[in-house]
Protein chains: 2
Amino acid sequence: MKVGYLGPSGSFTHNVAVKAFPKADRIPFANITEVIKSYEEGLVDYAIIPVENSIEGSVHETLDYLFHQTDISAIAEVIQPIKQQLLATAQDKPVGKIFSHPQAIAQGKKYIKSHYPHAQIEVTASTAYAARFIAEHPDKPYAAIAPVAAAKEYDLEIIGKDIQEIDENYTRFWVLGHEPYVFDLIKDTQKISLALTLPDNLPGALYKALSVFAWRGLDLTKIESRPLKTALGEYFFIVDVDNSNHDLVTFALEELRVLGITYNVMGMYDVYCL
Amino acid sequence: MKVGYLGPSGSFTHNVAVKAFPKADRIPFANITEVIKSYEEGLVDYAIIPVENSIEGSVHETLDYLFHQTDISAIAEVIQPIKQQLLATAQDKPVGKIFSHPQAIAQGKKYIKSHYPHAQIEVTASTAYAARFIAEHPDKPYAAIAPVAAAKEYDLEIIGKDIQEIDENYTRFWVLGHEPYVFDLIKDTQKISLALTLPDNLPGALYKALSVFAWRGLDLTKIESRPLKTALGEYFFIVDVDNSNHDLVTFALEELRVLGITYNVMGMYDVYCL
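Every value quoted in this text rests on a predicted model; they were computed, and no experiment measured them.

1. Some details on the UniProt feature "domain: Prephenate dehydratase" (unreviewed entry) in chain A
For step 1, the next point in the chain: The feature "domain: Prephenate dehydratase" (unreviewed entry), as annotated in UniProt, sits at residues 2–178 of chain A in this numbering.
For step 2, the next point in the chain: Along residues 2–178 of chain A one finds 32% helix and 33% strand; the C-alpha atoms at either end are 14 Å apart.

As structure tokens, then:
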């Protein structure tokens, strides 16, 4: 079985792929669009991509692509705590330059300021790229902010542990596919993610759409607007609904349709926590 | 009078600054945070930053900074059509490499494929940087995708006019400040932008918040969730409300407060179109 994921090795997505599919042939791709395309083209059986981070918000590349371009849907969600480490090739080396993704740099700013106030900061495309880059230059005074998995992958030492400022940092990942799969992970809840397109202008239509869930006591865990890419002020809405009472959700969806509110099911899935 | 804007010269924000404050001393800053900070520190009297694009969606750096860090508010909104040009230093030169911001490259993809299928693509931090860069290398086979303003600013020729794929491409810009200012621009509507923090979980609270506007017939032109940066699934909501009946809006705001829904006014402003 083949599983595509947002690479390179040592990324947070890679860690999710290892935990969710320990025995699969896991193939890294350079960006989110490439991961989804690899699934569309039948190169892989499942694809794993990030959907939302608790600090940075939704990953638009994922949601926009899934809404605009494809009818693939999520079969599982994996929630991973995000913890950042300061990595280097050896313990006792000066740290002159620190490499990482802008979000990881932002998260480690306080730690760097107090421990390495004179270090230069260099931006990279991902945390895993930063780790790989410093591993390739062991003679240089380089360090990288990256996950534990990257330390293992590139044989680096952790010289600063869990340096992120906000402890409550989680990322949701989706497993895209068609075939059901039994994961050896701890199951949390069941959810359904919908993309709603409203027949006319706000607020009337959105208010009606929310009524359908509200009076049935169905919890929304997320609501977010994204531009339809037609005109300024036209949006579609991504709504995540608790799916533990699926009969009630079915009634709600039928009522949405009767009200003239179009929806696609972006995924109906179990949620697992790492 | 001094006006800070997201630079460099020749950017879309620069064009808004020129049109809105033709006689001011206009000062470019390297990123959105720097522009807002320049205002906070009293270096400028007004600051101009992008808020939302009809294709790409909200500019999170702007909204998150204004919600989390400051109590500055918008005194005007300027809507500018986004049109991209292919620029070069001379008409009759091969185009081997095209520089631009990823969004502009995405917008011009079809044009490039049909006119310059063999050109390499290089990503830059902004369209204006791309224009400046190719102007600095007149001997090279370079072209840039950038706005008309950048052609004027860096003395470049337009070798491909209005190359963007989607015609309905607009960006909203906010003028931040405290003092009212009379703009010599065409006035469209009046709006108020609110950031709502809900007392408990969705959907009940958001449904109540929308009810306050819905039953009064107050149009929402936008609603969007952004993470509170506390836990996964906790959001604040940015809501833009038509403010042409300000008395009704005042009642709605009072009722929000009584319902225990906290809000900040991110701006109460006239909307101008370029």
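2. A few points about the relation of the copies chain B and chain A
For step 1, the next point in the chain: At an RMSD of 0.0 Å, chain B and chain A line up after a rotation of 180° and a shift of 0.0 Å along the axis. What the superposition gives is, in effect, a two-fold axis relating one chain to the other. No C-alpha of chain B approaches the rotation axis more nearly than that of E224 of chain B, which lies at 2.8 Å.

3. Here's the deal with the interface of chain B and chain A
For step 1, the next point in the chain: Each partner contributes to the interface: chain B provides 36 residues, whereas chain A provides 36 residues.
For step 2, the next point in the chain: At the boundary of chain B with chain A, the tally comes to 0 salt bridges.
For step 3, the next point in the chain: Looking at the side of chain B that touches chain A element by element, the count peaks at 8 residues for strand 13 (residues 220–227) of chain B.
For step 4, the next point in the chain: Counted by class, the side of chain B that touches chain A contains 18 nonpolar, 9 polar and 9 charged residues.

4. Details of the sheet that holds strand 10 (residues 157–160) of chain A
Residues and elements named next belong to chain A.
For step 1, the next point in the chain: In spatial order, the strands read 8-7-9-6-10; together these 5 strands make up an open sheet with mixed pairing. One side of each edge strand has no neighbouring strand; the edge strands of this open sheet are strand 8 (120–123) and strand 10. Averaged over all adjacent pairs, the angle separating strand axes in this sheet is 35°, with direction ignored.
For step 2, the next point in the chain: Direction of pairing for strand 7 (residues 97–100) relative to strand 8: parallel, over a ladder of 4 bridges. Note that in strand 8 the partner of K97 across the bridge is Q120.
For step 3, the next point in the chain: The sheet contacts of helix 6 (residues 127–135) involve strand 6 (85–88), strand 7 and strand 9 (142–146), and relative to strand 9 the element is tilted by about 155°.

5. Some words on helix 4 (residues 102–115) of chain B
Residue and element names in this part refer to chain B.
For step 1, the next point in the chain: Here helix 4 spans 19 Å end to end across 14 residues, near enough to the 20 Å set by a 1.5 Å rise per residue.
For step 2, the next point in the chain: The sharpest bend along helix 4 reaches about 60° and sits at G108.
For step 3, the next point in the chain: Among the residues of helix 4, A104, I105, Q107, G108, Y111 and I112 are the ones counted as buried.
For step 4, the next point in the chain: For helix 4, the elements touching its buried residues are strand 6 (85–88), strand 7 (97–100), strand 8 (120–123), helix 5 (127–135), strand 9 (142–146) and strand 10 (157–160).

6. What to know about the packing of helix 2 (residues 32–40) of chain B against helix 3 (residues 60–68) of chain B
All names here are of chain B.
For step 1, the next point in the chain: Following both chains from N to C, one finds helix 2 and helix 3 inclined at 35°, their axes separated by 9 Å at the closest point. As helix 2 runs across helix 3, the sense of the crossing is right-handed. Across from I32, T33, I36, K37 and E40 in helix 2, the residues of helix 3 making contact are E61, T62, Y65 and L66.
For step 2, the next point in the chain: When the residues that make up the contact of helix 2 with helix 3 are grouped by side-chain class, the tally is 4 nonpolar, 2 polar and 3 charged.

7. Concerning the pairing of strand 5 (residues 73–81) of chain B
All names here are of chain B.
For step 1, the next point in the chain: Counting buried positions along strand 5 yields 7 of 9 residues, so the element is predominantly enclosed.
For step 2, the next point in the chain: Of the strand pairs in this sheet, strand 5 and strand 11 (residues 170–177) are connected by 8 bridges, and their pairing is antiparallel. Paired with A74 across the bridge in strand 11 is L176.

8. So, the pattern of salt bridges
For side chains bearing opposite charge, pairing can occur when the charged atoms are close.
Residues and elements named next belong to chain A.
For step 1, the next point in the chain: All chains considered together, the criterion is met by 24 salt bridges over all chains.
For step 2, the next point in the chain: Between K191 and E77 there is a salt bridge, with its nearest N and O atoms 3.3 Å apart. With K191 in strand 12 (residues 186–197) and E77 in strand 5 (residues 73–81), this pair connects stretches of sequence that are 114 residues apart.
For step 3, the next point in the chain: Of the residues examined, E77 reaches a relative accessible area of 0% and is grouped as buried.
For step 4, the next point in the chain: The salt bridge involving K222 is made with E224; its shortest N-O contact spans 3.1 Å. Each member of the pair, K222 as well as E224, carries the same accessibility label: buried.
For step 5, the next point in the chain: Shared partners join several salt bridges into a network, and the residues in it are E52, E77, R172, K191, K222, E224 and D240.

Thresholds applied
- Residues numbered from 1 in each chain as written.
- Chains lettered and ligands numbered in written order.
- Predicted model: local features only at pLDDT ≥ 70, side-chain atom pairs only at ≥ 80, totals over all residues.
- Heavy atoms only, no water.
- UniProt positions renumbered as here; feature names shortened; annotations may be inferred.
- Helix = DSSP H or I, 4+ residues; strand = E, 2+ residues; numbered from the N terminus.
- Least-squares fit on C-alpha atoms with pLDDT ≥ 70 in both.
- Contact = heavy atoms within 4.5 Å.
- Salt bridge = Lys/Arg side-chain N within 4 Å of Asp/Glu carboxyl O.
- Nonpolar A, V, L, I, M, F, W, Y, C, P; charged D, E, K, R; others polar.
- Pairing = 2+ DSSP bridges.
- Axes fitted to C-alpha atoms, helices over the stretch in contact; angles between N-to-C directions.
- Expected span 1.5 Å × (residues − 1).
- Bend = angle between axes of the 7 residues up to and from the residue.
- Buried < 20%, exposed > 50% of the residue type's maximum accessible area, 1.4 Å probe, protein only.
- Left-handed = near helix turned anticlockwise from the far one by under 90°.

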